[in-house]
Each structure stands twice: as C-alpha cells, then as structure tokens.
Amino acid sequence: MLSAGCRAPVLLRRLRRRPGIATCPFLRGLEQEPVERARSLCCESSPRDARDGEGERNEAQKKVAGAESPPSLPPRVRGVGTRCLSSLESLRLPTPQEESPPRERGDSSADQGQADLALPALDQSETEVGELHASSSWSPSREEPFRAGELILAELGKRETQFKKLFMLNNAGLLNSSWGIVPFSDIVGKFPGQVLRSSSGKHFVLKRPSLEDYVLLMKRGPAITYPKDMTMMLLMMNIHPGDTVLEAGSGSGGMSLFLSKAVGSQGRVISFEIRKDHHELAKKNYKHWRDSWKRSHIEEWPDNVDFFHKDISRATKDIESLTFDAVALDMLKPQVALPVLYPNLKQGGICAVYLANITQVIELLDGIRVCELALSCEKISEVIVRDWLVCLAKQRNGILAQKVEPKINTDLQLHSQKKIGIEGEMLQEDDHEESHSDFPYGSFPYIARPIHWQTGHTAFLVKLRKFKPLSTSDDSN
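Residues numbered from 1 in each chain as written. Predicted model: local features only at pLDDT ≥ 70, side-chain atom pairs only at ≥ 80, totals over all residues. Heavy atoms only, no water.

(A) Main features of helix α9 (residues 276-296). For α9, built from 21 residues, the straight-helix expectation of 30 Å at 1.5 Å per residue is met to within 8% by its first-to-last C-alpha distance of 31 Å. Within α9 the residues assigned to the buried category are His278, His279, Leu281, Ala282, Asn285, Tyr286, Trp289, Arg290, Ser292 and Ser296. (Helix = DSSP H or I, 4+ residues; strand = E, 2+ residues; numbered from the N terminus. Expected span 1.5 Å × (residues − 1). Buried < 20%, exposed > 50% of the residue type's maximum accessible area, 1.4 Å probe, protein only.)

Here it is in structure tokens:
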C-alpha cells in the first residue's frame, strides 16, 4: 500500500506528458487532494521531486495556454466523492466541523457557480439524515408486554391439528384448558411469541390475536362471514380511507370490524341489524376488540361504526341524507333492501352481496330485473382456500424417519453403462445437463399434503355496480 501511494504521483506525471491527456479534467482532479494526501501520508517528497513536478506543470500549462480550458470539477469535500461509501458511512455524512477548509484556487466564476450548486445538495442530505436519526431516536416501539385487560391467543400446534384459545388476561386467575393450567401471573409481563409450559407439560405459544383470529374465535350468534370472503368483498367494493359504507346485517360484528379498518378514522360505517340479540352481540364484540387494541397499540382503533337496531327496508328516513360509496349486504333476501338503499348509492358504486345458496343468487338477480334497478352484475365468485401440511415425517414411536438411499443393482448398472456407451456413439450428449444423482439425499423426509380438515364452501359473493342508463334522447342520437 505504501509503495502504491508513493508511485501514484509519478504515474500521473507520465500520463500528463502524453498529448491530449494533460488537459483531461479527470486527471487534473485526481492530482489534487487525494493524491497530495496520499503522498504526504506515505512518503516525504524530496526537493528534487518538488522542482521536477513544478517544472512539468509549468510546461503543461504553456502547451495548453492558447487552447480552451475545459470546465473544472467542483471542489471536493473530504470523504465525499473520493471513494465508494459503505451502507453505514452513507448514512453519516461529514459535519461542517469535519470538513477540510477550502483551498485558495483561481477558479472562474462558472466554476464557483457549480460549486455553489453542489454544496447545498450536501447540506440538504445532511438535514435529511439528521431528521432520520431524530425520528428513529424518539419513536416508541409498538411491541409491549402483555397487560391485564387485553386479549391473548394461546396456540398449541401438533402437525395440522392446532388448539387455539382466546381469553381475556387478568391480574389474577388461571388459563384452564384440556392441555393444562397456566396462572395468569406467569403471562403478565411476557412478550408476544413467548413459549410457556402448562401443568401437564405441554408447550404453547402466546401471541396477540390478529383480526382474522379474533373474528374466527370471538363469541358468535349467527354464522360469521369468514375472513377469506370478507377480503374478497373488500376488493370488490374498492373501499378507500374516508369512505362511507352501508352494512345490512351486523351479525356477530366480524364484517363491521373489517369495514372499520378499511375506511379508517376519517370514514364511517352504518350497520343495520333486525334482531336485537345479534345487534347487542355485534356491539359487544366490536367494543372488546377496541378495548384490547387500545392497551397494546399506540394508536387507538377508530370508533367509526354506528350500529342501528332496525330493519333496513324501513330505514329510508334514516339514510336519506347520506350518500354511500359502497354497500355490503349479508341477509336472507337482499332484493328487498335494494330498492331502499339504491337512491343513496353513488353512481358507479359497488354493492357486494353475501349469499349462502346459489338459489338466493338467482332470486337476487330476478328481483333486480323486476324492480328495474340500474345495477349490473359484474361478478359472482366463490372463494376456495386449501391449506397444506409440510412437516418432518415421524414414525409411530415419535422418532424422525431417516431417508434410505436406494441400492443399485450391479448387473443392471453395468448393463446401463454399456447401453449409454453405444448410444453415445450415435448421439452427442449435452455436457451442461446435470444428472439426478448429482443431488444428494437429505437427512430426513418431509410430508407435503393438504390437511385433512378444510373449510369448504361458505358463500357466493355477488358484485353489483350502479350505472346510469341511457335516456331516450341519447338512444335517438
């Protein structure tokens, strides 16, 4: 490294002697600060070298005195532009105190303008990096330990059979299950992902339930809308934050929670339910989720759902002043509610209908035809999800089975080699093709198959869009 640093100025002087290269701005920039610093650090230049270098530079300047001088490079900042920065060094640019003082140069006004344009960009990047460090230093973490009053999900997995239990954590009490007992005092203060052992020796994982987990495990009244269907309905309705959505059929409150998350704090969900018990259960489940979310997250879950205990077919006055961006229907006879909510659905808005039977789909489309509603049926879908099991293969005694490499018959191997030799004379084999024998066997075999218990048919999803029909004058034109 020392010899290379000492020889760098000599190589530059040799290159400058060649015609056409002495005027190269790249070489002129190279001979400045990096080379001078390398020469000062590596070796002490003799007075003779200094005189030779000064004379050569004077000769080069005389040769190109009449030529037009190319634009010079802007002044370099120490540590910037001299080499490639690593990922850590790129996040910390040099501060003004660390920068070297500017050298006195006889640059033209154009060069000074270029330098003035380059330096503010560096100041701007320094400001952005400073803001990045400041934001990362004060932003609190979202993950906090378990507290009393929030919902906890305990999960025990044994191949495809998973035991899940959703419970409310308290300061005192026990988690009772068929796979043992765990005191709540052992859970309070633990972080999500903690593995605990029950009184019967079973190991289970503690975590905060996702919205999908909560909807599947919360207390039910009627049959819930499954998360796979809710996600498809949200895609159909194309809901954005700030939208106003109408829901007919609150049920157990699962769809209300998904709609609440989709519209955000600036949006609004109007939910109608005809049965009193279902109405109360939906409000209760919605409240439990918000309360648990508040204890474990920085931002509160938006309180943007209004539950009404009323028949949607008689709610004309309740919604007459509202305009809905989308409508979600989960009821036995949605064709009865469509004439009521149709005037309040915006033009081009989507009405997604959740129906259990295909005969209900036929009755819905026939009701739209009879009522002469400007609703086009764009899609009728059924969401099918197949879960798979991929795990290590075990024997009945619980020991992992090991792969056994097949034994090759010696006579058969000799016969195959002779056959390959004969065919090789006729056909040229591809040298790039790899043989299956080049890949060794793994240590243990795996099982890969669909799980035995699957969620089959749940519902048919119908996508209806409101359109504006052509008038008689438009038809004549």
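(B) Main features of the packing of aromatic side chains. Following the criterion strictly, the structure yields eight aromatic pairs and no others. Their ring planes at 40° and their centres at 5.1 Å tell us that Tyr214 and Trp289 sit as a pair that is tilted. Here Tyr214, found in helix α6 (residues 211-217), pairs with Trp289, found in helix α9; they are 75 residues apart in sequence, far enough to count as distant. Its relative accessible area of 3% is what places Tyr214 among the buried residues. With 5.3 Å between their ring centres and 20° between their planes, Phe272 and Phe308 make a pair best called stacked. Of this pair, Phe272 sits in strand β8 (residues 268-273) while Phe308 sits in strand β9 (residues 305-309), and the two are 36 residues apart along the sequence. On the basis of relative accessibility, which here comes to 3%, the residue Phe272 falls in the buried class. Among the aromatic residues, those joined into a cluster by ring pairs are Tyr214, Trp289, Trp293 and Trp301. Taking NZ or CZ as reference, Lys466 lies 4.5 Å from the ring centre of Tyr342, over its face. (Phe/Tyr/Trp six-rings, centres within 6.5 Å; stacked < 30°, edge-to-face > 60°. Lys NZ or Arg CZ within 6 Å of the ring centre and 35° of its normal.)

These values are about where atoms sit, not about what they do.
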